[in-house]
Amino acid sequence: MPEIKSQSMATMAVAASALRAQQGRMRVIAENLANANSTARTAGGDPYRRQVPVFAPTRVQGAEGVQMVRAEGDQSDFRSEYDPGNPAADAKGYVKLPNVNSLVEALDMKEAQRAYEANLNVIETARAMESRTLDILRK
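## Examining the overall build of the protein
Inference 1: Scanning the protein from terminus to terminus reveals 2 helices and 4 strands.
Inference 2: What you see for the protein is a C-alpha radius of gyration of 22 Å, clearly larger than the 14 Å of a compact globule of 139 residues, by over 25%.
Inference 3: Taking the principal axes of its C-alpha atoms as reference, the protein extends roughly 80 × 25 × 20 Å.
Inference 4: Buried positions account for 34% of the 139 residues belonging to the protein.

Below, the structure written as structure tokens:
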């Protein structure tokens, strides 16, 4: 019986690590969406740079889980738009816009939500299996 409990706890710990990682991912995506139209504060400066979450494996209760270790800047090119009246415009009148695509961010958010829900289901299933096993052993 201790082995069953240990397996169940490890399963829940791995799923919980994935929940935390997806929660961090959703925070990064929300920040990207919030800054999708943020331009530079100075003429010719760089606007907000899209952030991308970086994940790494981690050990949890003797099993391999996941963690979000950091967010790093997406090095893709900024968009530009001709707007000579904008205070962030360069000498030619172009304003650099963030390299954030709201559609991509929305799809990433949906994927993160589904992964989060899947890991919640893993935890619920592990609890139900543990409970059912204990019920069987009590009989």
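## A look at the pattern of salt bridges
Inference 1: Within the structure shown, the criterion is met by 7 salt bridges.
Inference 2: Measuring nitrogen to oxygen at the nearest pair gives 3.5 Å for the salt bridge that ties Glu-111 to Arg-25. Here the residue Glu-111 occupies a position in helix α2 (residues 102–138), and Arg-25 occupies one in helix α1 (residues 2–34), the gap between them amounting to 86 residues.
Inference 3: Lys-96 serves as the salt-bridge partner of Asp-46, at 2.8 Å between the closest nitrogen and oxygen. In this pair, Asp-46 is assigned in the loop between α1 and β1 (51–60) and Lys-96 in strand β4 (residues 94–97), connecting sequence segments 50 residues apart.
Inference 4: For Lys-96, a relative accessible area of 33% gives the class partly exposed.
Inference 5: Each of Arg-50, Asp-74, Glu-105 and Asp-108 takes part in salt bridges that share partners, so that together they form one network.

Rules and cut-offs
Residue indices follow the written sequence of each chain, beginning from 1 at its first position. A pLDDT threshold of at least 70 governs which residues receive local features in this predicted model, and a stricter bar of 80 or more applies before side-chain atom pairs are shown or counted, although totals over entire chains, interfaces and linings include all residues. Values shown for side chains rest on all heavy atoms present in the structure; no hydrogens or waters enter the calculation. Numbering of helices and strands runs from the N terminus, with a helix taken as a DSSP run of H or I at least four residues long and a strand as a DSSP run of E at least two residues long. Only C-alpha atoms enter the radius of gyration; for comparison, a globular chain is expected to reach 2.2 Å times N to the power 0.38, where N is the number of residues. Each residue gets one of three labels from its accessible area relative to the maximum for its type: buried under 20%, exposed over 50%, partly exposed in between, using a 1.4 Å probe on protein chains only. Any Lys or Arg side-chain nitrogen located within 4 Å of an Asp or Glu carboxyl oxygen qualifies as a salt bridge.

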